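Here are the chains, one letter per residue:
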Amino acid sequence: AAHDRQLYDAARDYRSPSALSNYLDQAPLGVMKKPVENYQKWLNTKTSELALTLTVTHISWGRETGDDDGIELIVRLNDKAAITIPGLESQSNTTSRLNAEGYPFKAKLEEAMTLDVSLQEHGWFHGWFGPHDWGKQTRKVLVKELNGLRLSIRTDELNNIVTFGLKGIQDQPELPNWKEG
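The structure displayed is predicted, hence computed values, not measured ones.

Conventions used here
Residues numbered from 1 in each chain as written. Predicted model: local features only at pLDDT ≥ 70, side-chain atom pairs only at ≥ 80, totals over all residues. Heavy atoms only, no water. Helix = DSSP H or I, 4+ residues; strand = E, 2+ residues; numbered from the N terminus. Buried < 20%, exposed > 50% of the residue type's maximum accessible area, 1.4 Å probe, protein only. Core = buried A, V, L, I, M, F, W, Y, C linked by side-chain atoms within 4.5 Å. Contact = heavy atoms within 4.5 Å.

1. Considerations on unusual backbone geometry
Item 1. A positive phi angle is found at Asn78, which is not glycine, with a value near 50°.
Item 2. Within the secondary structure, Asn78 sits in the loop between strand S2 (68–77) and strand S3 (80–90).
Item 3. Owing to a relative accessible area of 36%, Asn78 belongs among the partly exposed residues under this scheme.

Here it is as structure tokens:
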């Protein structure tokens, strides 16, 4: 039991591929095998290409925004059309929660991508002159930073915040204290 615990403590302290493999290969009792395997799988996902889905979770409308409809959100990821949400309604100092289809893509969590986001108004008045610009933002981000990213979309008069989500990533599993069988 002491040797098993010593190997597990090393795996827990260092959390490196070699320390995790040492426990899995050499632990005489293997009482903490499942948590170590789960952690090792999670560690491997950090360097593997994953099937992910980019989502827009909500838009926080600024106080200057006013009440409007016909707002369109356009999101591009690495110059590819990712998400377009037409017909949004804005209302000053409120938040619109969104359940729109996400954008599926494959990438590594440490990979850098370019995110382009714009808001445009397509109201009846602006239809005569084309869409009215409600702001744009381009940002280079690591894929793992997309989850929970809050991006400010501004013009001289407007400031609205678009919040993103990322599906397909796992939370870091626990390596609990060692316990006997």
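From this point, things continue past the structure.
2. Brief notes about the nonpolar core
Inside soluble globular proteins, nonpolar side chains tend to come together where they are buried.
Item 1. Judged by nonpolar contacts, the single largest core of 34 residues is most densely connected at Leu54, Leu73, Val75, Phe105, Leu115 and Phe164.
Item 2. Mapped by element, the contributors of at least two residues to this core are strand S1 (50–60), S2, S3, strand S5 (103–107), strand S6 (112–121), strand S7 (132–142), strand S8 (150–154) and strand S9 (159–167).
Item 3. With five residues, the single largest contributor to this core is S1.
Item 4. Leu7, Met32, Leu43 and Trp178 belong to the second largest nonpolar core, which has 13 residues in total.

3. Digging into the side chain of Thr55
Item 1. Of note, Thr55 is situated in strand S1.
Item 2. If sequence neighbours within four positions are ignored, Thr55 has contacts with Ile83, Gly102, Thr163, Phe164, Gly165, Leu166 and Lys167.

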